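Coordinates in review
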Amino acid sequence: TVTVRDKKHWLSVVEEIREMVDNDLGFQQVETKCPSQTKTFLFISNDKKVAGCLIAEHIQEGYRVIEEAVPEGSEGEKVMFERQRAWCCSTNPEPALCGISRIWVFSMMRRRGIASRMIECLRNNFIYGSYLSKEEIAFSDPTPDGKLFATHYCGTSQFLVYNFVSGTRSDQQSPNLV
Ligand SMILES: CC(C)(COP(=O)(O)OP(=O)(O)OC[C@H]1O[C@@H](n2cnc3c(N)ncnc32)[C@H](O)[C@@H]1OP(=O)(O)O)[C@@H](O)C(=O)NCCC(=O)NCCS
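Reference entry: report on the structure contained in this document.

Cut-offs and rules
- Residues numbered from 1 in each chain as written.
- Predicted model: local features only at pLDDT ≥ 70, side-chain atom pairs only at ≥ 80, totals over all residues.
- Heavy atoms only, no water.
- Near = heavy atom within 4 Å.
- Polar contact = N/O pair within 3.5 Å; in protein donor to acceptor, adjacent residues only side chain to side chain.
- Areas by Shrake-Rupley, 256 points an atom, 1.4 Å probe, with all protein chains shown as cover.
- 1 Å grid on protein atoms, 1.4 Å probe; cavity = no way out; pocket = protein on both sides within 12 Å on 5 of 7 lines; lining within 4 Å.
- Sits in = over half its atoms within 2 Å of the grid points.
- Helix = DSSP H or I, 4+ residues; strand = E, 2+ residues; numbered from the N terminus.
- Nonpolar A, V, L, I, M, F, W, Y, C, P; charged D, E, K, R; others polar.
- Salt bridge = Lys/Arg side-chain N within 4 Å of Asp/Glu carboxyl O.
- Buried < 20%, exposed > 50% of the residue type's maximum accessible area, 1.4 Å probe, protein only.
- Disulfide = S-S within 2.5 Å.
- Phe/Tyr/Trp six-rings, centres within 6.5 Å; stacked < 30°, edge-to-face > 60°.
- Lys NZ or Arg CZ within 6 Å of the ring centre and 35° of its normal.

**Description of the site of the ligand**
In the vicinity of the ligand there are 19 residues, among which Ile103, Val105, Arg111, Ser116 and Thr143 approach most closely. At 2.8 Å from an oxygen atom of the ligand is found a main-chain nitrogen or oxygen belonging to Gly113. Contact distances for the ligand include 3.0 Å between an oxygen atom and a backbone N or O atom of Ala115. In isolation the ligand offers 910 Å² of accessible surface; the protein chains occlude 83% of this area. Mapping the ligand onto the cavity grids shows that it belongs to the largest pocket. For the shell around the ligand, the elements supplying multiple residues, two or more each, are strand E5 (98–105), helix H3 (114–125) and helix H4 (144–154). Taken together, the residues that form the shell around the ligand break down as nine nonpolar, five polar and five charged.

This is the structure in structure tokens:
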């Protein structure tokens, strides 16, 4: 965990990693809005490389994704459908505490539980002395990968999202508000 109390060196390392993650996610270059309000978690591999990054921020509310029936078909077809559809969410705010602003794992190391482990670490360390429940976490404008991951991690496709209106990613359609 790196916070503003840490040495400047670490903050510049984190800023560099964030820029790289933003490039990968298709975000335009944006400075971290309020570094003191964010917590960054890095997953360092055995060979001392940054293999994962999670940036979390304090939020007050999230909006529940509205489930759409997935058509019958093979596992591959279902994943394809999930990847292509735009997601819809409720306009009803629900209380939430922690927003996942970015979550990223190095492409060669995906599907090995790294993102899940980073979220476990986040839940243990985001608020001192308390363990966040899955219900208190929301995902910022999820990508197709993010949606599949969050659905698995939260155990439901109706997880909480936030920050979708001001999204700046170039690869995705705007979500539909229902
Ligand atoms: C989303 C992301 C962070 C997931 O990281 P990860 O380390 O691969 O995730 P985990 O290994 O912890 O995944 C746990 C489970 O989530 C589901 N899942 C994760 N990624 C998935 C994918 N691309 N397709 C289908 N299911 C997926 C699976 O059920 C997986 O369990 P399994 O591998 O045993 O089947 C990673 O794909 C990534 O960095 N993508 C690019 C950046 C991005 O889109 N970030 C999301 C922003 S919202």
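**Details of the pattern of salt bridges**
If you walk through the whole model with that rule in mind, you get nine salt bridges. Arg102 is the salt-bridge partner of Asp22, the closest N and O atoms lying 2.4 Å from each other. Remark: Arg102 occurs in strand E5 and Asp22 occurs in helix H1 (residues 8–25); sequence separation between them is 80 residues. A relative accessible area of 1% means that Asp22 is categorised as buried.

**What about the state of the cysteines?**
Considering all chains together, one arrives at zero disulfides under this definition. You can see Cys89 has no disulfide; the closest cysteine sulfur is in Cys88, sitting 8.0 Å from it.

**Some remarks on the packing of aromatic side chains**
Taken as a whole and judged by the stated rule, the model has two aromatic pairs. Between Phe139 and Phe159 the ring centres are 5.6 Å apart and the planes differ by 75°, which places this aromatic pair in the edge-to-face class. One end of the pair, Phe139, is in strand E6 (residues 137–140); the other, Phe159, is in the loop between H4 and strand E7 (160–162), and 20 residues separate them in sequence. Neither residue differs from the other here; Phe139 and Phe159 are each classed as buried. Cation over ring: Lys134 sits above Tyr153, and NZ or CZ is 4.9 Å from the ring centre.

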